[in-house]
Amino acid sequence: MFQLFVVACVALRACEYMTVPLPYPTEARCAQQAAILAGMVRARHQYRELSYEYRCTATDRRQVAGTAPPSPGPRE
């Protein structure tokens, strides 16, 4: 699983920093989502020049979600 962090800057004046709390199954899917998010930032700023950087960090799914999965209780 991969966690995504994106920094998208429009015309080197307005930058947005985004972390996505969802895990991505592959690094390629993570990179694709980074491009989509950067495109959304560009659209909000009237299609000016865009630059963006992203980082896809391999991680355990439980760390991304912020909680451990529930443990099964005793069976009756």
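See above for the structure.
Structural notes, computed from the coordinates. Here the structure is a predicted model, which means the values were calculated and not measured.

Bringing the packing of aromatic side chains into the picture now. Following the criterion strictly, the structure yields one aromatic pair and no others. Seen from their ring centres, tyrosine 52 and tyrosine 54 are 6.3 Å apart, and the 25 degrees between their planes marks the pair as stacked.

To continue, consider the state of the cysteines. Applying the stated criterion across every chain, the model contains two disulfides. Here cysteine 9 is linked by a disulfide to cysteine 15, with a sulfur-sulfur distance of 2.0 Å. What sets the handedness of the cysteine 9 and cysteine 15 disulfide is the S-S torsion sign, and at about 110 degrees it is right-handed. The disulfide that involves cysteine 30 links it to cysteine 56, with 2.1 Å between the sulfurs. Note on the cysteine 30 and cysteine 56 pair: the S-S dihedral is about -100 degrees, so by sign convention the disulfide is left-handed. Placement of the pair is cysteine 30 in helix 1 (residues 27-44) and cysteine 56 in strand 3 (residues 50-58), with a sequence separation of 26 residues. Classification of cysteine 56 as buried rests on a relative accessible area of 13%. Counting its disulfide-bonded cysteines in sequence order, the protein chain shows a connectivity of 1-2, 3-4.

This part covers the sheet that holds strand 3. The three strands lie next to each other as 2-1-3, forming an open sheet whose pairing is antiparallel. Edge strands, defined here as strands with exactly one partner in the open sheet, are strand 2 (14-24) and strand 3. Each neighbouring strand pair of the sheet contributes to a mean axis angle of 15 degrees, computed without reference to strand direction. Running at roughly 30 degrees to strand 1 (residues 2-10), helix 1 makes contact with strand 1, strand 2 and strand 3 of the sheet.

Under the 1.5 Å per step criterion, the end-to-end length of helix 1 is 26 Å for 18 residues, consistent within 8% with the ideal 26 Å. Within helix 1 the residues assigned to the buried category are Cys30, Ala34, Leu37, Ala38 and Val41. Down the axis of helix 1, the sector holding all buried residues measures 100 degrees, keeping them to one side. As for helix 1, its buried residues are in contact with strand 1, strand 2 and strand 3. Glutamine 46, located one to two residues past helix 1, shows a positive phi value of around 60 degrees.

Calculation rules
Numbers given for residues are sequential positions, taken from 1 along each chain in its written order. Reporting in this predicted model follows two pLDDT cut-offs: at least 70 for local features of residues, and 80 or more for side-chain atom pairs to be given and counted; totals over whole chains, interfaces and linings ignore these cut-offs and use all residues. Side-chain measures were taken over the full set of non-hydrogen atoms in the model, leaving aside hydrogen atoms and water. Note on aromatic contacts: the rings of Phe and Tyr and the six-membered ring of Trp form a pair at centre separations within 6.5 Å, being stacked when their planes are under 30 degrees apart, edge-to-face when over 60 apart, and tilted otherwise. In this description, a disulfide is simply a cysteine sulfur pair whose atoms lie within 2.5 Å. Only DSSP runs of H or I with at least four residues qualify as helices, and only runs of E with at least two residues qualify as strands; both kinds are numbered from the N terminus onward. Residue burial is assigned from relative accessible area. The probe radius is 1.4 Å, only protein chains are included, and a residue is buried under 20% of its type maximum, exposed over 50%, and partly exposed in between. By definition, two strands form a pair when at least two bridges between them are found by DSSP. To obtain an axis, a line is fitted to C-alpha atoms, over the contacting stretch when the element is a helix, and the angle between two such axes runs from 0 to 180 degrees between their N-to-C directions. In this analysis, two residues are considered to be in contact whenever any of their non-hydrogen atoms come within 4.5 Å of each other. Multiplying 1.5 Å by the residue count of a helix minus one yields the expected span of that helix. The arc in question is the one traced by the directions running from the helix axis out to the C-beta atoms.

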